[in-house]
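# Commentary on secondary and tertiary structure
Letter by letter, the chains look like this.
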Amino acid sequence: MIDRVNAIMKINPDAKFAQKADGSIEWLEGTAEISKADIEAKMTELQAEYDALAYARARKQEYPNVDDFMEAYTEKEIGGNSSKWDEYVIKYNKVRSDNPKLW
C-alpha cells in the first residue's frame, strides 16, 4: 500500500513536514500545504502504477538465476552442448507466459 509520505514526496520532493500522532500533517519550513485530496489522488496514482508492474515483480522472482544462464550459454557456445540452454529457454519462456504484461 502506498502511504502519504510517498505521495507527498512525489508531489513535492522538497517538502518539509511532520505527521502527528492524530494523523494530521504539520507543514514545516515554509512548505506550501498540499491538500488532502491531492495527496489521496497521488496515492491512488502511485498504487495503480505499482499494481501495473505486478507481472514484472513476479517474473523477477521466478526467472532462472544468472548462474544458470551463464552455465547454459557457455556450454552451448563453447562446449557445443545446447541441452542446458534448451532447458533454460523453456524455463524462461514459461515465466513470461505465466506472468504476461497487461498492456
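First, a word on scope: everything that follows refers to the structure included in this document.

Reading the values: rules and limits
Positions within a chain are numbered from 1, following the residues in the order the chain's sequence is written. Per-residue local features are limited, in this predicted model, to residues with pLDDT of at least 70; the limit for side-chain atom pairs, both in listing and counting, is 80 or more; totals at the level of whole chains, interfaces and linings are taken over all residues. Only hydrogens and water are set aside when side-chain values are computed; all heavy atoms of the structure are taken into account. We call a set of buried residues a nonpolar core when its members are Ala, Val, Leu, Ile, Met, Phe, Trp, Tyr or Cys and they connect through side-chain atoms within 4.5 Å of each other. A 1.4 Å probe rolled over the protein chains alone gives each residue an accessible area, and that area as a share of the maximum for its type sets the label: buried under 20%, exposed over 50%, partly exposed in between. The numbering of helices and of strands both runs from the N terminus, where a helix is a DSSP run of H or I of at least 4 residues and a strand a run of E of at least 2. Here, residues are in contact when the closest pair of their heavy atoms is within 4.5 Å. Only Phe, Tyr and Trp rings take part, Trp by its six-membered ring, and two of them pair if their centres are within 6.5 Å. Stacked means planes under 30 degrees apart, edge-to-face means over 60, and tilted covers everything else. A ring has a charge above it when a Lys NZ or an Arg CZ is no more than 6 Å from the ring centre and no more than 35 degrees off the ring normal. Every helix has an expected span of 1.5 Å times one less than the residues it contains. Arc definition: it is the arc formed by the directions from the helix axis to the C-beta atoms.

Turning to the nonpolar core, a few remarks are in order. Counting 11 residues, the largest nonpolar core is built from Ile-2, Ala-7, Ile-8, Ala-15, Phe-17, Ile-25, Trp-27, Ile-34, Ile-39, Met-43 and Leu-46. Elements represented by at least two residues in this core include exactly helix H1 (4-11), strand E2 (25-27) and helix H2 (36-52). With 3 residues, H2 is the largest single contributor of residues to this core. In contact with Leu-46, other than residues within four places in its own chain, are Ile-2, Asn-6, Ala-7 and Lys-10.

This part is about the packing of aromatic side chains. Counted under the stated rule, the structure contains 8 aromatic pairs. With a centroid separation of 5.7 Å and an interplanar angle of 65°, the aromatic rings of Tyr-73 and Trp-85 are classed as edge-to-face. Of this pair, Tyr-73 sits in helix H4 (residues 66-77) while Trp-85 sits in helix H5 (residues 83-98), placing them 12 residues apart in sequence. For Trp-85, a relative accessible area of 19% corresponds to the buried category. For the pair Trp-85 and Tyr-88, a centre-to-centre distance of 5.6 Å together with 25° between the ring planes defines the contact as stacked. On the criterion of helical spacing, the pair formed by Trp-85 and Tyr-88 is a turn pair, its members being 3 residues apart in helix H5. In this structure an aromatic cluster arises from ring pairing among Tyr-63, Phe-69, Tyr-73, Trp-85, Tyr-88 and Tyr-92. Over the aromatic face of Trp-85 sits the side chain of Lys-76, whose NZ or CZ is 5.0 Å from the ring centroid.

A word on H2. Helix length check: H2 (17 residues) gives 24 Å between terminal C-alpha atoms against 24 Å at 1.5 Å per residue, within 8%. Every buried residue belonging to H2 is among Ile-39, Lys-42, Met-43, Leu-46 and Gln-47, and all of these are buried. Taken end-on, H2 shows its buried residues confined to a sector of 140°, consistent with a single buried face. Residues of H2 that are exposed and angled more than 90 degrees away from the buried face: Ala-37 and Thr-44. Of the surrounding elements, those touching the buried residues of H2 are H1 and E2.

Notably, Glu-29 is not glycine yet its phi reads approximately 50°, a positive angle. The topology assignment puts Glu-29 in the loop between E2 and H2.

With that out of the way, let us pick up the environment of Leu-53. Within the secondary structure, Leu-53 is located in the loop between H2 and helix H3 (54-62). Judged by relative accessible area, Leu-53 falls into the partly exposed class, the value being 43%. The spatial distance from the C-alpha of Leu-53 to the C-alpha of Ile-39 is 21 Å, given a sequence separation of 14 residues.

Once that is clear, we can look at the environment of Tyr-55. Note on placement: Tyr-55 falls in helix H3. Overall, Tyr-55 belongs to the buried group, its relative accessible area being 12%. For the pair formed by Tyr-55 and Asn-99, sequence separation is 44 residues and the distance between their alpha carbons is 5.3 Å.

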